[in-house]
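Listed below are the residues making up each chain.
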Amino acid sequence: MADCVSKVELTVSCANLLDKDVGSKSDPLCVLLQSSGGDKWTELGRTECLKNTSNPSFSQRLRLDYHFETVQNLKLSVYDIDNSTSDLKDDDYLGGVELTLGQIVSSKTVTRPLQLKKDKPAGKGTITITAEEIKDNRVIVLELEAKKLDKKDTFGKSDPFLEFFKQGDAGKWQLVHRTEVVKNNLNPSWKKFTVPLQTFCSSDLERPLKVDCSDHDSDGSHDLIGSFTTKVSELQKTAHGSLVQFDCVHPEKQKKKKSYKNSGVVIVKSCELVTQYTFLDYVMGGCQINFTVGIDFTGSNGDPRSPDSLHYMSPDGLNQYLSALWSVGQVVQDYDTDKLFPAFGFGAKLPPDYQAANHEFALNFNPTNPYCQGIQGIVEAYRTVLPKLKLSGPTNFSPIINHVASTAASAAQTNAATQYCVLLILTDGEITDFDQTRDAIVRASRFPMSIIIVGVGPADFKAMELLDGDNGVLKSTAGEAVTRDIVQFVPYRQFKDASQTALAQAVLAEVPSQLVSYFKMRGLDPPKCQVAPK
């Protein structure tokens with residue numbers, strides 16, 4: 001699973017800074033630091049120093065990698081620079097702010113009061129941070145075919161494929177794409193393919209490109225059929241109805257025969273420049289991530305009063321369920337502005353009568369308002385309700401999946417990329433309604449929704465791995481395949497001794513691509529996103 005990484009650029013300005021210089025205003029500079037654990041901070045960059053101003057707008061941007069899966073704690077510190085050394089220890093501290101990168105990108109622009117120390121404001125000073133993704137999110141989509149290529153194989157025709165090269169700054173050709181091989185065909189049609197425009201031509205539509213058409217040999221000694229040069233602006237002419245084709249020329253044949261014209265022609269069937277939106281585009285455009293938690297209270301977890309139980313509270317007030325909830329929840333909560341999260345339990349008998357097991361009850365025992373304030377609110381509700389429950393069974397996932405799917409279905413009807421649901425299920429893994437859960441997941445895959453399952457304890461999680469579907473396409477009992485992969489399963493035991501960051505990275509790694517894949521499938525652009533220039 002690839003970590004979702006994007007480059008982000010922060011623009012910083014301040015207002016009403018303290019004046020530390022006698023007879024003039026301060027000479028401010030802003031430093032960006034990222035937490036590296038504990039009380040340690042690593043400097044990522046700093047702005048230029050601006051002379052004699054209390055309201056600086058820094059032109060030097062601060063760049064860093066953005067990881068959705070990780071809580072990236074940042075500190076922006078403003079100093080009054082009094083000398084030419086890079087050491088800030090002998091410069092006056094004008095104030096700072098601590099916040100997460102998730103908070104910045106989800107709001108796009110954040111203004112906070114500067115503080116000298118915790119709870120001590122730096123006068124009326126404020127800092128404003130604006131985030132912007134710094135990559136070209138356009139792709140080029142090409143479809144090509146060839147006619148009358150030279151025959152290269154003794155006992156057959158040719159097995160042609162294309163290689164695309166862009167000219168580097170030093171004039172050297174750099175490979176940017178290779179098509180599939182079409183076997184035994186002198187008039188091949190290659191599959192439509194997509195390449196990031198930055199990769200393909202460094203986002204320069206006039207940059208020279210070279211295309212080689214070769215006959216594939218299994219031993220790697222491919223025979224060149226012919227080559228041609230072009231540029232994206234020429235390829236684009238096919239979109240305006242022009243026939244765009246190129247003589248495929250073999251340089252050796254051209255030297256030997258004056259009458260030689262080509263070794264076939266390559267024809268551009270279609271060429272499009274398409275904006276390929278990223279997770280950041282959707283979040284910064286205003287898409288909210290609605291986070292729901294489901295916690296397993298079935299009897300297989302063991303009596304919570306016993307130290308052997310997965311629900312047993314250790315002296316520090318934690319257990320595996322709460323540790324997993326903290327790790328994942330702290331990342332996700334930054335992407336929901338109201339910080340109100342519905343939380344449910346399943347598989348327990350409830351007071352006062354303790355009759356049949358309930359497979360979807362509000363964790364705060366308020367069915368009309370199951371929302372908890374932030375992750376801390378869910379933790380408090382869990383600690384309050386645990387002693388009042390009788391753990392029971394069976395372990396049914398489908399009710400809570402169907403519940404969240406109904407919310408996601410309502411969001412889908414708006415035909416706008418404004419809402420995406422993430423369901424976190426914490427369980428010991430002994431699922432009872434496997435077939436109904438399969439059916440629920442297949443239905444949910446049509447809606448803006450992801451399901452994260454964290455397996456707690458030592459159980460055999462084969463059923464969870466089947467639901468994950470990474471090793472094959474999950475199908476319903478009727479044989480209907482999922483529209484897209486929406487389930488991510490992670491066993492907590494693999495991260496028990498690791499950092500909370502490591503667990504969050506593993507659990508949330510697929511959510512950004514799942515969100516993008518849904519809105520792309522629906523053809524929905526980010527709510528406030530501007531169309532990239534052509």
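Look up: the structure comes first, before these words.
Counting restarts for each chain, with residues numbered from 1 along the sequence as it is written. A pLDDT threshold of at least 70 governs which residues receive local features in this predicted model, and a stricter bar of 80 or more applies before side-chain atom pairs are shown or counted, although totals over entire chains, interfaces and linings include all residues. Side-chain figures throughout are based on the complete set of non-hydrogen atoms in the structure, without hydrogens or water.

Peer 1: Looking at this structure, I do not really get the pattern of salt bridges. What am I missing?
Peer 2: Opposite charge on two side chains permits pairing when their charged atoms draw close. Any Lys or Arg side-chain nitrogen found within 4 Å of a carboxyl oxygen on Asp or Glu counts as a salt bridge. Summed over all chains, the structure comprises 10 salt bridges. Across the salt bridge formed by Glu206 and Lys231, the nearest N and O atoms sit 3.0 Å from each other. Here Glu206, found in the loop between α2 (197-201) and β13 (209-215), pairs with Lys231, found in the loop between β14 (223-230) and α3 (232-235); they are 25 residues apart in sequence, far enough to count as distant. Throughout this description, buried means an accessible area under 20% of the type-specific maximum (1.4 Å probe, protein chains only), exposed means over 50%, and partly exposed covers the range between. Taking relative accessible area as the criterion, Glu206 reaches 45% and is therefore assigned partly exposed. Lys210 serves as the salt-bridge partner of Asp212, at 3.1 Å between the closest nitrogen and oxygen. By relative accessible area, which is 12% here, Asp212 ends up buried. Going along the chain from the N terminus, every DSSP run of H or I of four or more residues is numbered as a helix, and every run of E of two or more is numbered as a strand.

Peer 1: Looking at this model, I keep getting lost on the pairing of strand β8 (residues 120-133). Mind explaining?
Peer 2: Here is the key point about a regular strand: its side chains alternate between the two faces of the sheet. Being paired, for any two strands, means DSSP has found at least two bridges between them. As paired elements, strand β7 (residues 109-117) and β8 share seven bridges and run antiparallel to each other. The residue bridging Gln115 from the neighbouring strand is Pro121, located in β8. The antiparallel hairpin formed by β7 and β8 contains two residues in its connecting segment, where Asp119 sits at a positive phi of about 65°.

Peer 1: Whenever I open this one, helix α7 (residues 374-385) confuses me. Can you help?
Peer 2: Side chains of residues three or four places apart in an α-helix project in the same direction, reflecting 3.6 residues per turn. Expected span, for any helix, means 1.5 Å times one less than how many residues it has. End to end, α7 covers 17 Å across 12 residues, agreeing with the expected 16 Å (1.5 Å per residue, within 8%). Of all the residues in α7, the buried ones are Gly374, Ile375, Gly377, Ile378, Val379, Ala381, Tyr382 and Val385. The inward-facing, buried residues of α7 contact β17 (288-296), α6 (320-332), β18 (340-346) and β21 (371-373). Only heavy atoms enter the contact rule, under which two residues are in contact if any of them lie within 4.5 Å.

Peer 1: Just to check I follow, could you spell out α6 for this structure?
Peer 2: Counted at 1.5 Å a residue, the expected span for α6 with its 13 residues is 18 Å, and the 19 Å between its end C-alpha atoms agrees. The buried fraction of α6 amounts to 12 of the 13 residues, a majority that puts the element mostly inside the structure. Taken together, the buried positions of α6 are Gln320, Tyr321, Leu322, Ser323, Ala324, Leu325, Trp326, Ser327, Val328, Gly329, Val331 and Val332. In the analysis that follows, any N or O atom pair within 3.5 Å is treated as a polar contact, provided that within protein one partner can donate a hydrogen and the other can accept it, and provided that, for residues neighboring in sequence, both atoms belong to side chains. The backbone nitrogen of Tyr321 has a side-chain oxygen 3.0 Å away, supplied by the residue at the start of α6, namely Asn319.

Peer 1: What is the right way to look at the nonpolar core in this model?
Peer 2: A general tendency of soluble globular proteins is for nonpolar side chains to be buried together. Residues Leu10, Leu76 and Ile127 are the most contacted members of the largest nonpolar core, which totals 87 residues. It is α6 that provides the largest number of residues to this core, a total of eight residues. In contact with Leu10, not counting residues within four places along its chain, are Leu32, Arg61, Leu62, Leu64, Leu74, Leu101, Ile104, Ile129, Thr130 and Ala131. Core analysis: the next-biggest nonpolar cluster, separate from the first, contains 30 residues, Leu162, Trp190, Leu205 and Val268 among them. Note on terminology: a nonpolar core comprises buried Ala, Val, Leu, Ile, Met, Phe, Trp, Tyr and Cys residues joined through side-chain atoms within 4.5 Å.

Peer 1: Is there a simple way to explain the side chain of His359 in this structure?
Peer 2: Along the chain, the position of His359 falls in the loop between β19 (348-349) and β20 (361-362). Of the residues examined, His359 reaches a relative accessible area of 18% and is grouped as buried. The residues touching His359, leaving out its near neighbours within four places in the chain, are Gly345, Phe346, Gly347, Gly393, Pro394, Asn396 and Pro399.

Peer 1: When you look at the sheet that holds strand β11 (residues 173-178) in this model, what are you seeing that I'm missing?
Peer 2: The strands that make up a sheet are held in pairs by hydrogen bonds between backbone atoms, and each pair lies either parallel or antiparallel. As summarised here, the arrangement of the four strands in space is β11-β10-β13-β14, forming an open sheet in which the pairing is antiparallel. In this open sheet, the two edge strands, each paired with only one partner strand, are β11 and β14. The sheet shows a mean angle of 25° between the axes of neighbouring strands, direction not considered. For strand β10 (residues 160-167) and β11, the ladder comprises five bridges, and the chain directions are antiparallel. A fitted line through C-alpha atoms serves as each axis, taken over the contacting stretch for helices, and the angle formed by two N-to-C directions is quoted from 0 to 180°.

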